[in-house]
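Commentary on secondary and tertiary structure
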Amino acid sequence: MKELYLQNSLTKKKELFKPITEGFIGMYVCGPTVYSDVHLGNVRTFISFDIMYRFLLHLGYKVRYVRNITDVGHLLDDGEDRISKGARADKLEPMEVVQKYTNGFHKMMDIFNTHRPSIEPRATQHILEQIEMVQQIIDNGYGYEANGSVYFDTLKFHEEKKCYGKLSGRVIDELLVETRDNLKNQSDKKHPSDFAIWMKAAPEHLMKWNSPWSVGFPGWHLECSVMSTKYLGETFDIHGGGNDLKFPHHENEVAQNVGACNCQPANYWLHTNMLLMNGRKMSKSDGNTITPDQLFTGDSPHITKAYSPMVIKFFMLQSHYSSTNDLVDDGLLAAEKGYRRLMEAQKTLAELQTTGAGNELDTDVTGPLDKFITEMCDDFNTPRAIAQLFELVTKINSFKEGHLDINKISVDTLARLQKDFPCYISKVLGLKNEIEAGNNGELEGVMQLVLDLRQDARANKNWAISDKIRDALAEAKIVVKDGKDGSSWTMN
RNA sequence: GGUCGCGUGGCCGAGCGGUUAGGCAGAGGUCUGCAAAACCUCGUACACCAGUUCGAAUCUGGUCGCGACCUCCA
């Protein structure tokens, strides 16, 4: 199997990937909290992990991809549960809220052509296991109960295990100082950096369960520790999430797992970077935000036109997952053209044939093909991998135009190109050909007739008729291109 | 305030000690009835200042600017 290198947040180094069990990979990614419509930033993160999942499958691994749905315990600043807030706002039962936005999330991820995870567990389905882990943490001496809530003892944990803050680069002494002001209204905690693993519920709280400590609900960080352990084991291969989750969420997750099982949950931690818009983080409060639907319809002051899901996805893949990605109209416009050129080349490629008389140009084709995989093996470098695809676009077009002699590549090489090029685009990068999708059989027949008539006019040098047909079609968003071997058309 | 990261040609965006990133836009050319498309050629960019080095966008220090996290966020 090809060597794969990953940038590991835990060690802050790029490392050769070694799975725990040869040929198998366990991957856990923190999923969304389903209390409102999906944010575009979520979309980028989950597209990034989908690409990783797809590529690992392509390399031949058997991957168990677990991505949770957070449906309890994720609190707002004022301490209110996000789901409860959504329930109040929409006048729904909490579980109706969860279902509504889970459905919406799935629909959006389908629109962006991502795979569903192998397992998609919900926090509320794992209350028993969460209670068990809380008990384990208490038994190991890292949890303490106060007024019905249970807290994780970060100071004791750090004194014994010396690893609190390793993932996020925090120093526990600083954490104690920094959050001192917040201590006043959280006096149940021994130390300000301690965090709740079980919370006693107020009487009006909508979602609560019985436990040895109180009628309450689990802490947000706990659910991921529990569900990753349940489905992937105490130690698994890859844990992912947005880099805004590094602290406190992932740091606390590590602490809980080490505290409960005395082992690191994941060998490799991967963090995706944020999606920006016009150079600033997307934020609802200052209007610097855009929804997927607004992008699809063009209904936003930030963009000049509508963009299709695949164009948006292609735009995102042109930057590396660990870099910020700045969503700007010019960038989207450029991505749209590049994406179309890629799709056109795919169509052109399907029609190429070679006699295989020579093989002088074989490496021109196999080189970029090989390099695509090499780049992807280098921490999923999609921008560089896509650059290799464009090298091939030029080759494909040159073969078609006759600028390069197609008979100078072997039958096998052309066959490989015709198999791998579309495979990399659709299977590895998950890009669908939206241009093709707009066509249908009936239109195909009509267009053939129209182009035949126009060809007759051209043969008679009747440019007036010929141009009239072309202009009228352009009005209907159909672009006619006159090539050497007749005319072709595409939907614009 | 603390921690971390970033500043690349008109725009997006890779690279992270010597070798063309790539896409889009722009200029010239080939082809074509014209156009479009396609192909070929082209710009010689790395915030600023100082240092290390035979050699720096890439390493070190400083300056300025931006961002993320520290409190809910993918």
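Residues numbered from 1 in each chain as written. Chains lettered and ligands numbered in written order. Predicted model: local features only at pLDDT ≥ 70, side-chain atom pairs only at ≥ 80, totals over all residues. Heavy atoms only, no water.

**Digging into the overall build of chain A**
Along chain A, the regular secondary structure elements total 17 helices and 15 strands. For the C-alpha atoms alone, the extent of chain A along its principal axes is close to 95 × 50 × 35 Å. Split into buried and exposed, the 492 residues of chain A put 52% on the buried side. Accessible surface computed for chain A: about 22,600 Å², of which carbon and sulfur atoms make up 50%. (Helix = DSSP H or I, 4+ residues; strand = E, 2+ residues; numbered from the N terminus. Buried < 20%, exposed > 50% of the residue type's maximum accessible area, 1.4 Å probe, protein only. Areas by Shrake-Rupley, 256 points an atom, 1.4 Å probe, with all protein chains shown as cover.)

**Looking at the sheet that holds strand E12 (residues 280-281)**
Taking strand neighbours across the sheet as the criterion, the three strands line up as E12-E11-E13 in an open arrangement whose pairing is mixed. Edge positions in the open sheet fall to E12 and strand E13 (325-327), since each of these has one partner strand only. Looking at chain direction, strand E11 (residues 275-277) and E12 are connected through two bridges and run antiparallel. Residue pairing in the sheet places Met277 in a bridge with Arg280 of E12. (Pairing = 2+ DSSP bridges.)

**Quick word on the environment of Phe49**
By secondary structure assignment, the location of Phe49 is in helix H1 (residues 40-58). The class of Phe49 is buried, set by a relative accessible area of 0%. Through-space distance from the C-alpha of Phe49 to that of Tyr65 is 9.6 Å; in sequence the pair is 16 residues apart. Aside from chain neighbours lying at most four places away, what touches Phe49 is Met27, Val29, Tyr65, Gly240, Gly241, Leu270 and Thr272. (Contact = heavy atoms within 4.5 Å.)

**Overview of the environment of Ala357**
Structurally, Ala357 is set in the loop between helix H11 (329-350) and helix H12 (362-377). Judged by its relative accessible area of 70%, Ala357 is exposed.

**Examining the pairing of strand E6 (residues 149-152)**
Here E6 shows a buried face lined by Ser149 and Tyr151 and a second buried face lined by Val150 and Phe152. In terms of strand pairing, strand E5 (residues 143-146) meets E6 through four bridges, oriented antiparallel. Bridge pairing in E6 links Tyr144 to Tyr151. Here E6 runs beside strand E7 (residues 195-200); their pairing, made up of three bridges, is antiparallel. From the neighbouring strand, Val150 faces E7, where its bridge partner is Trp198.

**Digging into the pattern of salt bridges**
All told, the structure shown has 18 salt bridges when counted by the stated rule. The shortest N-O distance in the salt bridge between Asp420 and Lys419 comes to 3.6 Å. Here Asp420 falls in the buried class, since its relative accessible area comes to 10%. For Lys419, a relative accessible area of 60% corresponds to the exposed category. (Salt bridge = Lys/Arg side-chain N within 4 Å of Asp/Glu carboxyl O.)

**With respect to the sheet that holds strand E9 (residues 236-242)**
If you trace the four strands from one edge of the open sheet to the other, you get E4-E3-E9-E10, paired in parallel fashion. Bordering the open sheet on either side are strand E4 (62-67) and strand E10 (266-272), each of which pairs with just one other strand. When strand polarity is set aside, the average angle formed by the axes of neighbouring strands in this sheet is 20°. In this structure, E9 lies alongside E10, joined through six bridges in parallel fashion. By the bridge assignment for E10, Phe236 is matched with Ala266. (Axes fitted to C-alpha atoms, helices over the stretch in contact; angles between N-to-C directions.)

**Comments concerning the side chain of Glu375**
With respect to the helices and strands, Glu375 occurs in helix H12. Overall, the relative accessible area of 8% leaves Glu375 in the buried class.

**Looking at the packing of aromatic side chains**
Under the defined criterion, the tally for this structure stands at 15 aromatic pairs. Between Phe46 and Phe105 the ring centres are 5.5 Å apart and the planes differ by 75°, which places this aromatic pair in the edge-to-face class. Highlighted residues: Phe46 in helix H1 and Phe105 in helix H3 (residues 94-111), separated in sequence by 59 residues. Relative to Phe157, the ring of Tyr142 lies with its centre 5.5 Å away and its plane at 90°, an arrangement referred to as edge-to-face. One end of the pair, Tyr142, is in the loop between helix H4 (127-139) and E5; the other, Phe157, is in helix H5 (residues 154-161), with 15 residues separating them in the sequence. The exposure class of Tyr142 is buried, given its relative accessible area of 5%. Here a set of aromatic residues connected by ring pairs shows up, and it is made of Tyr142, Phe152, Phe157 and Phe195. The aromatic ring of Phe46 is capped on one face by Arg67, whose charged end is 5.2 Å from the ring centroid. Positioned above the aromatic ring of Tyr144 is the side chain of Lys190, whose terminal nitrogen or guanidinium carbon lies 4.6 Å from the ring centre. (Phe/Tyr/Trp six-rings, centres within 6.5 Å; stacked < 30°, edge-to-face > 60°. Lys NZ or Arg CZ within 6 Å of the ring centre and 35° of its normal.)

**Side note on the domain arrangement of chain A**
Taken domain by domain, chain A holds domain 1 (5-272), domain 2 (276-435) and domain 3 (439-491). A straight line from the C-alpha centre of domain 1 to that of domain 3 covers 57 Å. (Domains from an automatic or database assignment.)

**A short note on the protein's contact with RNA strand B**
The local shell around RNA strand B holds 58 residues, among which His74, Arg82, Trp220, Gly242 and Leu245 are the closest. Of all RNA strand B atoms lying within 4 Å of any protein atom, the proportion belonging to sugar or phosphate reaches 70%. Interatomic distance of 2.7 Å between a side-chain N/O atom of Arg170 and a sugar or linking oxygen of RNA strand B. At 3.1 Å from a phosphate oxygen of RNA strand B is found a side-chain nitrogen or oxygen belonging to Arg341. In terms of residue count, the dominant contributor to the surface near RNA strand B is helix H13 (residues 382-401) (nine residues). In terms of residue class, the surface near RNA strand B is made up of 14 nonpolar, 23 polar and 21 charged. (Near = heavy atom within 4 Å. Polar contact = N/O pair within 3.5 Å; in protein donor to acceptor, adjacent residues only side chain to side chain. Nonpolar A, V, L, I, M, F, W, Y, C, P; charged D, E, K, R; others polar.)

**Section: the packing of helix H10 (residues 309-317) against H11**
The relative placement of two packed helices is expressed as an angle between their axes plus a distance between the axes. At a closest axis distance of 9 Å, the pairing of H10 and H11 adopts a crossing angle of 105°. In this view, H10 runs roughly perpendicular relative to H11, as classed from their interaxial angle. Note on element contacts: H11 touches H10 through Gly331, Leu332, Ala335, Glu336, Gly338, Tyr339 and Leu342, opposite Met310, Val311, Phe314 and Phe315. Taken together, the residues that form the contact of H10 with H11 break down as eight nonpolar, two polar and one charged. (Parallel < 35°, antiparallel > 145°, perpendicular 65-115°, else oblique.)

**Observations concerning the environment of His74**
The topology assignment puts His74 in the loop between E4 and helix H2 (82-90). You can call His74 buried: its relative accessible area is 13%. Separated by 147 residues in sequence, His74 and His221 place their C-alpha atoms 8.4 Å apart. Contacts of His74, omitting those with residues within four sequence positions, involve Thr33, Glu80, Asp81, Arg82 and Trp220.

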